[in-house]
Amino acid sequence: MKVLIRGAGVAGLTLAHELATRGADVTVVDKRSEIAGNASWQAGGMLAPWCERESAEEAVLTLGRGAADWWDAALTGHVCRRGTLVLAPARDARELDRFGRRTSGFSQLDACEIAALEPALAGRFGRGLYYAGEAHLDPRKALLALRDKLLGIGVRIDFGRCAASGYADVEVDCTGIADRRSELRGVRGEMLILHTGEISLARPVRLLHPRIPVYVVPRSENLFMVGATMIECDAAGPITARSIMELLGAAYALHPAFGEAELVQTGVGVRPAFADNLPRVERDGTNIRINGLYRHGFLLAPAMAGQAADMIFGNPAAKEFALEAHR
Ligand SMILES: Cc1cc2nc3c(=O)[nH]c(=O)nc-3n(C[C@H](O)[C@H](O)[C@H](O)COP(=O)(O)OP(=O)(O)OC[C@H]3O[C@@H](n4cnc5c(N)ncnc54)[C@H](O)[C@@H]3O)c2cc1C
């Protein structure tokens, strides 16, 4: 079975992995000259199905709870399973109650328990929610490692190329926001990368705020990803001054040490989303499309890749599961 995948974002690469490990002959093409710069490159890398349920449908939890296992099996050593900590400044304590009412899979923490989990935050927050089952990874390292693994198992990956149709038995469109064939919309996400050795965190921390909820995801080498804005537009231009101020302000509210951090990078990605904010695997003859991963690319791409691979290899049970999960 020859499969051509357009798009080397998280959707395309996870599908390539799924198909290659099931024996398909896979080629991936991407119009970019390298992976860097697509929406997947800008992601926080949180595998947080319970937290995401706060604003997402049950399907996101159902489809996303196996994501950490998938990434762990595909890329051993990349997944960090230390849960997610959710906090709110004292004046926004009601946000914590609201978040808790809309989610499950957490335990309530008091100030001592927060300090035990994250010593750097000792004395700063009286209450928090801890989602022990959640995980995270560094999306850039994961994408590069996945690319290398795919090359190692015989997948061809051509950057700087948009292949012509008719090349393969099945063609799969994983072009994210560049796919203009349907009702896809863009949701712009801006992020920062800070560098500081003055604070260390073991896990993603979400800081709730009625208008500007943000998260800080620790990465190696004293780097912290701070994200992300959610702006209903598909403009991919540079981050705005306002967004930088808001993201930095929130990081500073989490811990003043971020005020002394170096701002080493800013990034903008456009999340592809359908009206219901749920992803779709669609089929039209020998053409398949995976899109609409919205703010859940790393979380849901493994499940979408599994469904698409089942379609390609003709497993009807999986198609029913896909429909069921989206109801
Ligand atoms: C700031 C931010 C933070 C996020 N944080 C998280 C998070 O913590 N956890 C999570 O799960 N998700 C997160 N997301 C969401 C996630 O990044 C997206 O859902 C995901 O990247 C979408 O992946 P994709 O492969 O569909 O699109 P993309 O990553 O955009 O990849 C599409 C690829 O297709 C290529 N392409 C376009 N047109 C063509 C063509 N004609 N031919 C060939 N190639 C083409 C593009 O060059 C691109 O490389 C975040 C997103 C943003 C912006």
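Check the entry above for the structure.
Now for a quick tour of the structure. (Residues numbered from 1 in each chain as written. Predicted model: local features only at pLDDT ≥ 70, side-chain atom pairs only at ≥ 80, totals over all residues. Heavy atoms only, no water.)

### Topic: the overall build of the protein chain
Reasoning step 1: Helix and strand counts for the protein chain come out as 10 helices and 16 strands.
Reasoning step 2: The globule rule puts the C-alpha radius of gyration for 327 residues at 20 Å, and the 20 Å found for the protein chain is close to it.
Reasoning step 3: Seen through its C-alpha atoms, the protein chain measures out along the principal axes to roughly 60 × 40 × 35 Å.
Reasoning step 4: The burial tally for the protein chain puts 54% of its 327 residues in the buried class.
Reasoning step 5: Sequence separation of 24 or more characterises 76% of the internal contacts of the protein chain that already satisfy a separation of 6 or more.
Reasoning step 6: Carbon and sulfur atoms form 51% of the exposed surface of the protein chain, whose accessible area is close to 13,900 Å². (Helix = DSSP H or I, 4+ residues; strand = E, 2+ residues; numbered from the N terminus. Rg over C-alpha atoms; globule rule 2.2 N^0.38 Å. Buried < 20%, exposed > 50% of the residue type's maximum accessible area, 1.4 Å probe, protein only. Contact = heavy atoms within 4.5 Å. Areas by Shrake-Rupley, 256 points an atom, 1.4 Å probe, with all protein chains shown as cover.)

### As for the pattern of salt bridges
Reasoning step 1: Taken as a whole and judged by the stated rule, the model has 24 salt bridges.
Reasoning step 2: For Arg 22, the salt bridge goes to Asp 310, with nearest N and O atoms at 2.6 Å. Residue Arg 22 is located in the loop between α1 (10-21) and β2 (25-30), and its partner Asp 310 is located in helix α9 (residues 297-312); the two are separated by 288 residues in the primary sequence.
Reasoning step 3: Since its relative accessible area comes to 34%, Arg 22 is described here as partly exposed.
Reasoning step 4: Its relative accessible area of 14% is what places Asp 310 among the buried residues. (Salt bridge = Lys/Arg side-chain N within 4 Å of Asp/Glu carboxyl O.)

### A short note on unusual backbone geometry
Reasoning step 1: Between Gly 227 and Ala 228 the backbone carries a cis peptide bond, its omega angle lying at -20°.
Reasoning step 2: In this structure, Ala 228 sits in the loop between β13 (223-227) and α8 (241-254).
Reasoning step 3: Here the phi dihedral of Asn 222 falls at roughly 60°; this positive angle occurs in a residue that is not glycine.
Reasoning step 4: Tracing the backbone through its elements, the reader meets Asn 222 in the loop between β12 (214-219) and β13.
Reasoning step 5: For Asn 222, a relative accessible area of 39% gives the class partly exposed.

### So, helix α7 (residues 139-152)
Reasoning step 1: Here α7 contains 14 residues, and its C-alpha end-to-end distance of 20 Å stays within 8% of the 20 Å for a straight helix at 1.5 Å per residue.
Reasoning step 2: Looking only at α7, the buried set comprises Pro 139, Arg 140, Ala 142, Leu 143, Ala 145, Leu 146 and Leu 150.
Reasoning step 3: Here α7 starts with a cap whose side-chain oxygen sits 3.0 Å from the backbone nitrogen of Arg 140, and that cap is Asp 138.
Reasoning step 4: Gly 154 sits one or two residues past α7 and shows a positive phi near 100°. (Expected span 1.5 Å × (residues − 1). Polar contact = N/O pair within 3.5 Å; in protein donor to acceptor, adjacent residues only side chain to side chain.)

### Topic: the packing of α1 against α7
Angle between the axes and distance between the axes: these two values describe a pair of packed helices.
Reasoning step 1: The N-to-C vectors of α1 and α7 enclose an angle of 35°; their axes lie 10 Å apart at closest approach. Relative to α7, α1 is oriented so that their crossing is left-handed. From α1, Val 10, Leu 13, Thr 14, Ala 16 and His 17 reach across to α7, where they touch Leu 143, Leu 146, Lys 149 and Leu 150.
Reasoning step 2: Taken together, the residues of the contact of α1 with α7 sort by class into six nonpolar, two polar and one charged. (Axes fitted to C-alpha atoms, helices over the stretch in contact; angles between N-to-C directions. Left-handed = near helix turned anticlockwise from the far one by under 90°. Nonpolar A, V, L, I, M, F, W, Y, C, P; charged D, E, K, R; others polar.)

### Focus on the sheet that holds strand β6 (residues 127-131)
Reasoning step 1: Spatially, β5-β6-β4-β11-β12-β13-β10-β14 is the arrangement adopted by the eight strands of the open sheet, whose pairing is mixed. This sheet does not close on itself; its edge strands, each paired only once, are β5 (107-110) and β14 (262-273). Ignoring which end each strand starts from, the neighbouring axes of this sheet average 25° apart.
Reasoning step 2: The pairing of strand β11 (residues 205-207) with β12 spans three bridges and is antiparallel. Within β12, the position partnered with Val 205 by the bridge is Val 216.
Reasoning step 3: The strands touched by helix α5 (residues 93-102) are β4 (84-87) and β6; relative to β6, the strand with the most contacts, the crossing angle is about 25°. (Pairing = 2+ DSSP bridges.)

### Quick notes on the side chain of Arg 206
Reasoning step 1: Of note, Arg 206 is situated in strand β11.
Reasoning step 2: Judged by its relative accessible area of 6%, Arg 206 falls in the buried class.
Reasoning step 3: In this structure the side chain of Arg 206 is engaged in a polar contact, spanning 2.9 Å, whose partner is the side chain of Glu 52.
Reasoning step 4: Contacts of Arg 206, omitting those with residues within four sequence positions, involve Met 46, Ala 48, Cys 51, Glu 52, Thr 84, Leu 85, Val 86, Leu 87, Val 214, Tyr 215 and Arg 295.

### Digging into the pairing of β2
Reasoning step 1: With five of six residues buried, β2 is to be regarded as a mostly interior element.
Reasoning step 2: Pairing analysis gives five bridges linking strand β1 (residues 2-6) to β2, with the strands arranged parallel. The partner of Arg 6 across the bridge, within β2, is Val 29.
Reasoning step 3: For the segment spanning β1, α1 and β2, crossover handedness is right-handed.
Reasoning step 4: Of the strand pairs in this sheet, β2 and strand β8 (residues 156-159) are connected by four bridges, and their pairing is parallel. (Right-handed = clockwise from strand over helix to strand, strands pointing away.)

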